[in-house]
Amino acid sequence: MCSSQWDGAYEPVVEMKTLVYFVIGESDEYYGSEPFKEAYQQIHELYKEQGLSESEIDKLVVLDVKDKDYFEGTPVTYQHGGGYLFCRDKEIMGWLFNQ
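Computed from a predicted structure; not experimentally measured.

We now examine the environment of Cys 87. Residue position: Cys 87 is located in the loop between helix H5 (83–86) and helix H6 (90–97). C-alpha of Cys 87 to C-alpha of Cys 2: the two residues are 85 residues apart in sequence and 9.4 Å apart in space.

Glancing now at the pairing of strand E1 (residues 20–25). Taken across its 6 residues, E1 has 6 buried, putting it largely inside the fold. Residue alternation in E1 divides its side chains into two sets, Val 20, Phe 22 and Ile 24 and Tyr 21, Val 23 and Gly 25, and both sets are buried.

Moving on, we get to the pattern of salt bridges. As a working rule, side chains carrying opposite charge can pair if their charged atoms are close by. If you walk through the whole model with that rule in mind, you get 3 salt bridges. For Glu 26, the salt bridge identified is with Lys 37, shortest N-O distance 3.1 Å. Of the two residues, Glu 26 is situated in the loop between E1 and helix H2 (34–49) and Lys 37 in helix H2; the sequence distance between them amounts to 11 residues. The partly exposed category is assigned to Glu 26, whose relative accessible area is 37%. A salt bridge links Asp 64 to Lys 66; the nearest nitrogen and oxygen atoms lie 3.1 Å apart. An identical accessibility class is assigned to Asp 64 and Lys 66; each is buried. Through salt bridges with shared partners, a single ionic network connects Glu 26, Glu 34 and Lys 37.

Reading guide: rules and limits
- Residues numbered from 1 in each chain as written.
- Predicted model: local features only at pLDDT ≥ 70, side-chain atom pairs only at ≥ 80, totals over all residues.
- Heavy atoms only, no water.
- Helix = DSSP H or I, 4+ residues; strand = E, 2+ residues; numbered from the N terminus.
- Buried < 20%, exposed > 50% of the residue type's maximum accessible area, 1.4 Å probe, protein only.
- Salt bridge = Lys/Arg side-chain N within 4 Å of Asp/Glu carboxyl O.

Take a look at the structure:
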């Protein structure tokens, strides 16, 4: 999930153990990074309540907030446009496709 905000319930995602990789610019011009931080915390807490360990949770949900340095020297001139970079980022895509 990138450059957006969560719009729905967390419980079905946790129940199905759906992988979620949150990635956003720290200063996203539309939403900022706080909604992602809050969504990540909610999902993380639900997994903790299920008794999952930190390493198990880390395999299911990631919060990746990019600072301004991530965007420098790229064709993206504003952080909300980060999706262009995120879908080309080997670390992000590697996590998604190697789970």
